[in-house]
Amino acid sequence: MESSNMEERTFRAFVVEERESAFTGSVANRRIADLPRHGLLVRVRYSSLNYKDALSATGNRGVTRRYPHTPGIDAAGTVIASDSAAFRENDAVIVTGYGLGMNTPGGFAQFVRVPPEWAVTLPGGMTMREAMAYGTAGLTAGLCVLRLAEKVRPEDGRIAVSGASGGVGSLAVAILAKLGYHVAAITGKEHERDKLLGLGASEVLERKEYEAETPNALLEAEFAGAVDTLGGHVLANLLKSMQPLGVMTACGNAASPNLSLTVYPFILRGISLVGIDSQNCPRPLREEMWQKLAGQWKPEGLDRLCTQITLDELPASIGRILQGKLTGRTVVNTG
Ligand SMILES: NC(=O)c1ccc[n+]([C@@H]2O[C@H](COP(=O)([O-])OP(=O)(O)OC[C@H]3O[C@@H](n4cnc5c(N)ncnc54)[C@H](OP(=O)(O)O)[C@@H]3O)[C@@H](O)[C@H]2O)c1
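As the structure is a prediction and not an experimental result, all values here were calculated from the model.

### Observations regarding the domain arrangement of the protein
Next, step 1: When the domains of the protein are assigned, the result is domain 1 (3-122 + 301-333) and domain 2 (136-275).
Next, step 2: The C-alpha-based centres of domain 1 and domain 2 are spaced at 30 Å.
Next, step 3: The interface of domain 1 with domain 2 comprises eleven residues on the first partner and eleven residues on the second.
Next, step 4: Looking at the side of domain 1 that touches domain 2 residue by residue, the classes come out as three nonpolar, six polar and two charged.

Written as structure tokens, this is what we have:
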């Protein structure tokens, strides 16, 4: 198709509009010509729903400054046009993070146009749907496991994962189990117990046991490692519960952005706290992670983890993720 014709083409997108300080999203037609003038035009086949998308869809100015806006921090699809030697027409690509869906139109649409540096080639052994079953949550879980596995081996002891029924948590449980770790999945949802055991958790612990503020500088040394997605008291209590030389990753604030702690876990047990940021993860590491996620790290149950929805079904799922009621991963088929 001639490029001028392509620019005039319309496509379906989930568009959030602001009216009298209220934010509502619905599916509308958009023109390719209205997308930003970046070098890589992608026909999006699948996207996925993350907590940040729900914030963008409900007017959180820390995520998205201007509306109308199309959220979606994840996209997998086919290259339609590229001004970069790194990609050719019909290449299958994954785009996650950077600015996608925050202050640039995102993956809840049939097309995105992004800087080529934001895209990675879909690795062999992975479908576009699987890439979005992972999405930003999977990349983040993978980075947590990578950093933890640098120092902690499966025989060193139990690994705690908080927010275990959520996107990052459930994928961290599945990947760690695949790599042979003993995973203690911490959840606030008792009814998710069997699913977590099915994903490979060795045990399921109640979140309420870790949620209260504790006065002690140290707690019983229970875990060799931990992946925390919640922040706040759970993060503090898990840090106090690390074995000597334990490693803990912190990637989220689903419960709280705060952390109240003494230095004692660090100076008496030699533990490490590693921060994880997948949004701006450097490209070589990003490519390495996607290769791992497509290969040896891919959990058996990846497909069972995700629910598939359409663009029209986004408002209901956005409401559920904001209420902490969504479990696992939600893949969006853009049609
Ligand atoms: N640093 C990064 O690069 C990065 C990337 C992706 C996500 N994140 C962050 O990681 C966190 C998890 O993301 P996600 O996509 O996995 O979100 P999610 O799918 O919404 O899962 C979050 C889970 O946390 C628990 N939870 C939710 N609200 C809570 C509350 N108020 N108090 C205590 N527990 C609560 C629930 O699990 P249980 O019921 O099982 O306890 C829930 O399923 C978010 O804060 C997100 O912003 C960071």
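### A short note on the packing of helix α3 (residues 128-149) against helix α9 (residues 283-294)
Next, step 1: Where α3 meets α9, the axes come as close as 10 Å, and the angle between the chain directions of the two elements is 100°. For the element pair α3 / α9, the angle class is roughly perpendicular. Across the interface between the two elements, Tyr134, Gly138, Leu139, Gly142, Leu143 and Leu146 of α3 pack against Met289, Lys292 and Leu293 of α9.
Next, step 2: Broken down by class, the residue content of the contact of α3 with α9 amounts to six nonpolar, two polar and one charged.

### Quick notes on unusual backbone geometry
Comment: phi is negative for the bulk of residues other than glycine, and the bulk of peptide bonds are trans.
Next, step 1: Put simply, tyrosine 67 and proline 68 share a cis peptide bond, and its omega is 5°.
Next, step 2: Within the secondary structure, proline 68 is located in the loop between α2 (51-56) and β4 (74-82).
Next, step 3: For tyrosine 98, which is not glycine, the phi dihedral falls at a positive 50°.
Next, step 4: Its location among the elements puts tyrosine 98 in the loop between β5 (92-96) and β6 (111-114).
Next, step 5: With 18 C-beta atoms counted inside 10 Å, the residue tyrosine 98 sits in the partly exposed group.

### A closer look at the pairing of strand β8 (residues 158-161)
Next, step 1: Examined bridge by bridge, β8 and strand β9 (residues 182-187) share four bridges and lie parallel to one another. Residue pairing in the sheet places valine 161 in a bridge with alanine 185 of β9.
Next, step 2: Chirality of the crossover, the property in question, places the unit of β8, helix α4 (residues 167-178) and β9 among those that are right-handed.
Next, step 3: Looking at chain direction, β8 and strand β11 (residues 223-228) are connected through three bridges and run parallel. Of the residues in β11, the one forming a bridge with valine 161 is valine 227.

### Overview of the sheet that holds β9
Next, step 1: In space, the six strands of this open sheet follow the order β10-β9-β8-β11-β12-β13, with parallel pairing throughout. On the outer flanks of this sheet lie β10 (203-206) and β13 (272-275), each paired with one strand and no other. Each strand axis lies, on average, 20° off the axis of its neighbour in the sheet, ignoring direction.
Next, step 2: Examined bridge by bridge, β9 and β10 share four bridges and lie parallel to one another.

What counts as what
- Residues numbered from 1 in each chain as written.
- Predicted model: local features only at pLDDT ≥ 70, side-chain atom pairs only at ≥ 80, totals over all residues.
- Domains from an automatic or database assignment.
- Contact = placed C-beta atoms within 7 Å.
- Nonpolar A, V, L, I, M, F, W, Y, C, P; charged D, E, K, R; others polar.
- Axes fitted to C-alpha atoms, helices over the stretch in contact; angles between N-to-C directions.
- Helix = DSSP H or I, 4+ residues; strand = E, 2+ residues; numbered from the N terminus.
- Parallel < 35°, antiparallel > 145°, perpendicular 65-115°, else oblique.
- Buried ≥ 20, exposed ≤ 12 C-beta atoms within 10 Å, placed from the backbone.
- Pairing = 2+ DSSP bridges.
- Right-handed = clockwise from strand over helix to strand, strands pointing away.

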